[in-house]
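The chain contents come next:
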Amino acid sequence: MTSKAIFLLAPALALPAAAWADDGLTWGVRQDGEGIVVAYEMPQTDDQRLFFSCDFASKSLTVRIPFFKEGMKDNAVTTAKFSSSGGQADIGMKLISDEMGNHFEATTTLTPALQSVLRKGKSLTLRIEGETQSFPLAAGQKGFAVLAQRCGG
């Protein structure tokens, strides 16, 4: 399953989210026989703040972070630093401009370090290009468990 195809899976395939953030964003989880998406998003919209998708057959993990900073050029590279009480994981990413807007994207594997970051703690911190964002982890745990089981190394 391609990341674009998995990105567009129908909400009917969504697993229920456990909790909503105060801003209306939550971890949406969509799965079919080919892969899974776990995205911090506003339901029923295109507003996704953090996106993970895994193709079960290849065990490839796509990570996407919407991002725009004046003066950055397409294909610029950076490192996204993810941390929680489970530790820290760094992912090298490339800036892409396409029909989904400007975003950093990486195709990688679900490393043990990233699994630990996503599965432990109450809050996920993302640092990228001098910006820091925090995401609650509780409502994403069912999706992260499937990611670990089906896509972990």
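Definitions and cut-offs
Residues numbered from 1 in each chain as written. Predicted model: local features only at pLDDT ≥ 70, side-chain atom pairs only at ≥ 80, totals over all residues. Heavy atoms only, no water. Buried < 20%, exposed > 50% of the residue type's maximum accessible area, 1.4 Å probe, protein only. Helix = DSSP H or I, 4+ residues; strand = E, 2+ residues; numbered from the N terminus. Pairing = 2+ DSSP bridges. Phe/Tyr/Trp six-rings, centres within 6.5 Å; stacked < 30°, edge-to-face > 60°. Lys NZ or Arg CZ within 6 Å of the ring centre and 35° of its normal. Core = buried A, V, L, I, M, F, W, Y, C linked by side-chain atoms within 4.5 Å. Contact = heavy atoms within 4.5 Å. Disulfide = S-S within 2.5 Å. Axes fitted to C-alpha atoms, helices over the stretch in contact; angles between N-to-C directions. Parallel < 35°, antiparallel > 145°, perpendicular 65-115°, else oblique. Left-handed = near helix turned anticlockwise from the far one by under 90°. Nonpolar A, V, L, I, M, F, W, Y, C, P; charged D, E, K, R; others polar.

A. Region of interest: the pairing of strand E3 (residues 35–41). Counted residue by residue, E3 has seven buried out of seven residues, so it is predominantly covered. Going residue by residue along E3, you find Gly35, Val37, Ala39 and Glu41 tucked away on one face and Ile36, Val38 and Tyr40 tucked away on the opposite face as well. Pairing of strand E2 (residues 26–31) with E3, which is carried by six bridges, proceeds in the antiparallel orientation. Within E3, the position partnered with Thr26 by the bridge is Glu41. Where E3 meets strand E4 (residues 48–55), seven bridges bridge the pair, whose relative direction is antiparallel. When the bridges of E4 are listed, Val38 appears paired with Phe52. The antiparallel pairing of E3 with E4 creates a hairpin that spans six residues between the two strands, and Gln44 there sits at a positive phi of about 65°.

B. Quick peek at the packing of aromatic side chains. Under the definition given, this model contains eight aromatic pairs. Considering the side-chain rings of Tyr40 and Phe135, the 5.2 Å spacing of their centres and the 80° angle between planes classify their relative orientation as edge-to-face. Here Tyr40 is found in strand E3, whereas its partner Phe135 is found in strand E10 (residues 131–136), with 95 residues between them in sequence. For the pair formed by Tyr40 and Phe135, the shared burial category is buried. Put simply, the rings of Trp27, Tyr40, Phe52, Phe82, Phe135 and Phe144 pair up and form one aromatic cluster. Directly above the ring of Phe51 sits Arg64, whose terminal nitrogen or CZ lies 4.2 Å from the centroid. Here Arg150 stacks its cationic end above the ring of Phe56, 3.7 Å away from the centre of that ring.

C. Looking closely at the nonpolar core. Among the nonpolar cores identified, the biggest contains 36 residues, and Trp27, Leu50, Phe52, Phe82, Met93, Leu124 and Leu147 are the most heavily contacted of them. Residue contacts for Leu50: discarding those within four places in its chain leaves Trp27, Val38, Ala39, Tyr40, Arg64, Ile65, Pro66, Phe82, Leu124, Leu126 and Phe135.

D. Representation of helix H2 (residues 112–119) within the structure. What H2 keeps buried is the set Leu114, Gln115, Ser116, Val117 and Leu118. The secondary structure elements touched by the buried residues of H2 are E4, strand E5 (60–66), strand E6 (77–84), strand E7 (87–98), strand E9 (123–128) and helix H3 (141–151). Directly after H2, the chain includes Gly121, whose backbone phi takes a positive value near 100°.

E. Molecular detail of the state of the cysteines. The full count for this structure, using the stated rule, is one disulfide. The disulfide partner of Cys54 is Cys151, and the gap between their sulfur atoms is 1.6 Å. With the S-S dihedral at roughly -105°, the linkage between Cys54 and Cys151 falls on the left-handed side. Here Cys54, found in strand E4, pairs with Cys151, found in helix H3; they are 97 residues apart in sequence, far enough to count as distant.

F. The packing of H2 against H3, seen in detail. At a minimum axis separation of 10 Å, H2 and H3 run at an interaxial angle of 165°. The angle between H2 and H3 places the two elements in the roughly antiparallel class. Taken as a pair, H2 and H3 cross one another with a handedness that is left-handed. Across the interface between the two elements, Gln115, Leu118 and Arg119 from H2 touch Gln141, Phe144, Ala145 and Ala148 from H3. Among the residues forming the contact of H2 with H3, the class breakdown is four nonpolar, two polar and one charged.

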